[in-house]
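Residue strings, one per chain:
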Amino acid sequence: MSPAASTGASDSAWETSLSHLPDHIRRAIAIAPAAGTRERIIDITTRGRRTGRPRRIEIFFYRAAGATYLCSGAGGAATDWHANLLADPRFTFHLKNGVRADLPARATPVTDPAERQAVLAEIVADLNQPHDPGAIRLTRLDDWADSRLMRVSFRQRP
């Protein structure tokens, strides 16, 4: 089944850029490098792959390579959010710190090795910015190589 068929909307209804979103929402998602942990935390509501019921999960998001991503982080362990989004890529992206918004979204697994490398390198470089020197140890790209990574598209008219 194609991604468009599974979401009930054509690919043209979804956009990875933020240009179609209201300014305050765009600024909240397009966080600056070295943003603190709190600014990166959102909730997503997915459909449980086993139950079919809505499930709200707290997760980090990142802006890299001009798009928004959900990422499991270092280690790459299996995650419920990733399995749920593979089963049904439609979800709600809930901004909850500062600006609050519930945005219809769609997740696409990032499987291309070149895209994965570029995005993960940008995420790791961003995390290593000295926003709070000494608070965390440096992050190594090798530790993130197996991360679950999903690109987020937002509906053109949220």
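Residues numbered from 1 in each chain as written. Predicted model: local features only at pLDDT ≥ 70, side-chain atom pairs only at ≥ 80, totals over all residues. Heavy atoms only, no water.

A look at the packing of aromatic side chains
The relative placement of two aromatic rings is captured by the distance of their centres and the angle of their planes.
Right, so step 1: Tallied over the full model, the rule gives three aromatic pairs.
Right, so step 2: The interplanar angle of 80° and the centroid separation of 6.2 Å between the aromatic rings of Tyr62 and Trp144 together place this pair among those described as edge-to-face. Placement of the pair is Tyr62 in strand S3 (residues 54-64) and Trp144 in helix H6 (residues 141-144), with a sequence separation of 82 residues.
Right, so step 3: Accessibility expressed as a relative area gives 6% for Trp144, which makes it buried. (Phe/Tyr/Trp six-rings, centres within 6.5 Å; stacked < 30°, edge-to-face > 60°. Helix = DSSP H or I, 4+ residues; strand = E, 2+ residues; numbered from the N terminus. Buried < 20%, exposed > 50% of the residue type's maximum accessible area, 1.4 Å probe, protein only.)

Structural notes on the pairing of strand S4 (residues 67-71)
Right, so step 1: Here S4 lies mainly inside the structure; five of its five residues are buried.
Right, so step 2: In S4, alternate side chains face the same way, and those of Ala67, Tyr69 and Cys71 on one face and Thr68 and Leu70 on the other are all buried.
Right, so step 3: Strand direction decides the pairing type here: S3 and S4, joined by four bridges, are antiparallel. When the bridges of S4 are listed, Arg63 appears paired with Thr68.
Right, so step 4: Hairpin connection between S3 and S4: a loop of two residues separates the two successive antiparallel strands, and Ala65 in this loop has a positive phi of roughly 50°.
Right, so step 5: With four bridges joining them, S4 and strand S7 (residues 149-155) adopt antiparallel strand pairing. From the neighbouring strand, Leu70 faces S7, where its bridge partner is Met150. (Pairing = 2+ DSSP bridges.)

From the geometry alone we can't say anything about function, so treat these as descriptive.
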